[in-house]
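Spelled out, the chains give:
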Amino acid sequence: MHGFSYRNGELFCENVSLQSLAEEHGTPLYVYSGSTLVDHFSRLDSALSGVSHEIAYAVKANSNLSVLRLLASKGAGFDIVSGGELFRVIKAGGDPAHCTFAGVGKTREEIVYALEQGIYSFNVESEEELRYLNQVAGELGKIAPAAVRVNPNVDAKTHKYISTGKSENKFGVDFGAIADLYERAAAELPNIKLRGLQMHIGSQLTSIDPFIEAVEKVIPLVTSLKEKHGIEFWSIGGGIGIVYEDTLASGSPEWWASKSESERPLTIEKYGEELVPRLKDLGLKILLEPGRYIAGNAGVLITRCLYEKKGSAKTFKIVDAGMNDLIRPALYEGHHEIVPLTEPKTSDRLKVDVVGPICESGDFFCQNRELPDFQPGENIALMSAGAYGFVMASNYNTRPFPAEILVQGGEAKVVRKRQTLEDVIAGEEL
Ligand SMILES: *Cc1c(COP(=O)(O)O)cnc(C)c1O
């Protein structure tokens, strides 16, 4: 569920009209719903209430400082993938002692910074990295808390670019090699404290089955690691999928109630019901690393239609946002529901491609999709753009980053100013 709906024919985020935001701040414009971010966090927290747990929000999904601050104020920890993300968490008022650090390529500078800040755990992705972490910690006279990421070789049944838990992916250490690696680490790496085990099998999982398969496969391993090495946590990763096709309708409880069990996307309540009984007696703290689930449906990208171009084969609606603002369609064949900010008065649909101004054929938001008609000058919303949206924006084609707005109730705050052209070239020299 989320905070976006039509009221008297206009699309609102909570109590704020998106058209009024577009007029005041221009387009393209990212708008986030604070109550949706908090609601998703709280619902996950309740769904896991039967087991000792901590939610480490995956910062890479949406790293705006105000988003991080809001989640930190609700008690979130953070899963980071770079020194830069740790810097953001600290700036936002998050606690490094509740941060886990993932990623296959941590540099010396990043390791030193995270050790000095006292993070909760380095989630290590290879034996080489574990040995290097031991060496750097030794040089600093510190003990590095660590968990190894196990690759359980489970098929997450998601897009190939966001599947991470198969043996052919670059992530983690093979399931069969973990026990020996912990033995060697305990014997040979005095500056490592083995604190946990981590896994993350992929993103945008819309079925519970791969989660269950991975958890059941890893339980014997994690149990034995606890006995032998006294580990205290098991991170079961993120990856909970969200609604992309029918996002607007899915904002209401009636939409969920109208779906049969088999049609209904994975709910967080189901996730909790299936996993908690399997996890609650392990005597381990369960860490969760959701990104998309928290932020995805909490944001939209507003863009203005510039031109309608009728080609011989197709009709193109050319808008002022491009793949540099939201790359998911180009990168992952991602689907975003497209809705006009003014509620359509008829059910007429027109088959169109909605495309951006960038000089790339991959620069589209949909192709051959039946949409309500909208005209040049009108604004539309690309739904479900709160995760992996702004964070992947670039200045390609020398286009400034869009502004970001955070709505809370009736209040809308600019949480990131639109970039100016001077900002874009800052740092370049003639
Ligand atoms: C990206 C990532 C996540 C978050 O994935 P979502 O699908 O956004 O929940 C969690 N853990 C790790 C290690 C990741 O790389």
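Nothing here was measured: the structure is a model prediction, and the numbers come from that model.

Student: Could you give an account of the packing of helix α3 (residues 65–73) against helix α4 (residues 83–91), with specific residues and numbers?
Tutor: Packing of α3 against α4 leaves a shortest axis separation of 9 Å and a crossing angle of 60 degrees. The handedness of the crossing between α3 and α4 comes out as right-handed. Contact residues: α3 offers L65, L68 and R69, while α4 offers R88, V89 and K91. Class assignment for the residues of the contact of α3 with α4 results in 3 nonpolar, no polar and 3 charged.

Student: Please give an account of the side chain of T303 that cites residues and values.
Tutor: As for its placement among the helices and strands, T303 is situated in strand β14 (residues 299–310). In this structure T303 comes out as buried when scored by relative accessible area, which is 0%. A distance of 2.5 Å separates a polar atom in the side chain of T303 from a polar atom in the side chain of D320. In this structure T303 touches T27, V319, D320, A321, E378, N379, I380 and L382, once residues within four positions along its chain are discounted.

Student: Quick rundown of the pairing of strand β13 (residues 285–288)? Include the residues and the values.
Tutor: Examined bridge by bridge, strand β5 (residues 53–58) and β13 share 3 bridges and lie parallel to one another. Bridged to E54 within β13 is L287. As defined by bridge partners, strand β12 (residues 233–235) adjoins β13 across 3 bridges and the pair is classed as parallel. Of the residues in β13, the one forming a bridge with S235 is L287.

Student: Break down the nonpolar core for me, citing the residues and quoting the values.
Tutor: Of all hydrophobic cores here, the largest spans 103 residues; its most connected members are F122, L197, W234, I236, Y271 and V354. The greatest single-element share of this core, amounting to 9 residues, is contributed by helix α8 (residues 209–229). The two domains that each donate at least three residues to this core are domain 1 (4–12 + 22–28 + 297–425) and domain 2 (34–294). Within the second largest apolar cluster, 19 residues are counted, among which are A22, L29, I302 and A381.

Student: Quick rundown of the domain arrangement of the chain? Include the residues and the values.
Tutor: Each assigned domain of the chain is listed here: domain 1 (4–12 + 22–28 + 297–425) and domain 2 (34–294). Distance between the C-alpha centres of domain 1 and domain 2: 31 Å. Contact with domain 1, which involves 27 residues of that partner, is made by 25 residues of domain 2. For the domain 1 and domain 2 pair, buried surface summed over both sides reaches about 2,300 Å², with 56% attributable to carbon and sulfur atoms. It is N297, Y332 and Y388 that lose the most area in domain 1 upon contact with domain 2, and together they represent 27% of the buried surface on that side. Run the count over domain 1 and domain 2 and you get 0 salt bridges. Counting every contact that joins domain 1 to domain 2 gives 9 residue pairs in polar contact (both at pLDDT 80 or more). Only β1 (4–7), α12 (328–332), β20 (403–408) and β21 (411–416) provide two or more residues apiece to the side of domain 1 that touches domain 2. Here the element with the most residues in the side of domain 1 that touches domain 2 is β20; it accounts for 4 residues.

Student: Would you mind going over the site of the ligand in detail, with residue names and values included?
Tutor: Taken together, 15 residues surround the ligand, and among them K60, S203, E289, R292 and Y388 come closest. K60 is positioned with one of its side-chain polar atoms (N or O) 2.8 Å from an oxygen atom of the ligand. With respect to the ligand, the backbone of G239 contributes an N or O atom lying 2.8 Å from an oxygen atom. Among the residues forming the shell around the ligand, the class breakdown is 4 nonpolar, 6 polar and 5 charged.

Student: Tell me what's going on with the pattern of salt bridges, and back it up with residues and numbers.
Tutor: Taken as a whole and assessed by the stated rule, the structure comprises 22 salt bridges. Note that E269 is salt-bridged to R43, the shortest N-O span being 3.1 Å. On the criterion of sequence distance, the pair formed by E269 in helix α10 (residues 268–279) and R43 in helix α2 (residues 34–47) is long-range, its members being 226 residues apart. Taking relative accessible area as the criterion, E269 reaches 34% and is therefore assigned partly exposed. Measuring nitrogen to oxygen at the nearest pair gives 2.9 Å for the salt bridge that ties E188 to R131. Highlighted residues: E188 in helix α7 (residues 178–188) and R131 in helix α6 (residues 127–139), separated in sequence by 57 residues. Relative accessible area serves as the criterion here: at 33%, R131 is assigned to the partly exposed category.

Student: Describe in detail the packing of aromatic side chains, supporting the description with residues and values.
Tutor: For the coordinates displayed, the defined rule picks out 8 aromatic pairs. Here the aromatic rings of Y120 and F233 are separated by 5.2 Å at their centres, their planes lie at 45 degrees, and the arrangement is tilted. Placement of Y120 in the loop between α5 (108–117) and β8 (121–124) and of F233 in strand β12 is noted, with a sequence separation of 113 residues between them. F233 matches Y120 in its accessibility class, with the two residues each being buried. The rings of Y30, Y32, F390 and F401 are connected pair by pair, giving a single aromatic cluster. For K217, the ring lying beneath its charged end belongs to F175, and the centroid distance is 5.0 Å. Of note, K317 hangs over the ring of F374, and the distance from its end group to the ring centre comes to 5.2 Å.

Student: Could you give an account of the sheet that holds β1, naming the residues involved and the relevant values?
Tutor: What the 3 strands build is an open sheet, ordered β1-β2-β3; its pairing is antiparallel. Edge positions in the open sheet fall to β1 and β3 (16–17), since each of these has one partner strand only. One ladder, built from 2 bridges, connects strand β2 (residues 10–13) with β3; its direction is antiparallel. Bridged to F12 within β3 is S17.

The rules we used
- Residues numbered from 1 in each chain as written.
- Predicted model: local features only at pLDDT ≥ 70, side-chain atom pairs only at ≥ 80, totals over all residues.
- Heavy atoms only, no water.
- Axes fitted to C-alpha atoms, helices over the stretch in contact; angles between N-to-C directions.
- Helix = DSSP H or I, 4+ residues; strand = E, 2+ residues; numbered from the N terminus.
- Left-handed = near helix turned anticlockwise from the far one by under 90°.
- Contact = heavy atoms within 4.5 Å.
- Nonpolar A, V, L, I, M, F, W, Y, C, P; charged D, E, K, R; others polar.
- Buried < 20%, exposed > 50% of the residue type's maximum accessible area, 1.4 Å probe, protein only.
- Polar contact = N/O pair within 3.5 Å; in protein donor to acceptor, adjacent residues only side chain to side chain.
- Pairing = 2+ DSSP bridges.
- Core = buried A, V, L, I, M, F, W, Y, C linked by side-chain atoms within 4.5 Å.
- Domains from an automatic or database assignment.
- Buried area = accessible area lost by both parts, 1.4 Å probe.
- Salt bridge = Lys/Arg side-chain N within 4 Å of Asp/Glu carboxyl O.
- Near = heavy atom within 4 Å.
- Phe/Tyr/Trp six-rings, centres within 6.5 Å; stacked < 30°, edge-to-face > 60°.
- Lys NZ or Arg CZ within 6 Å of the ring centre and 35° of its normal.

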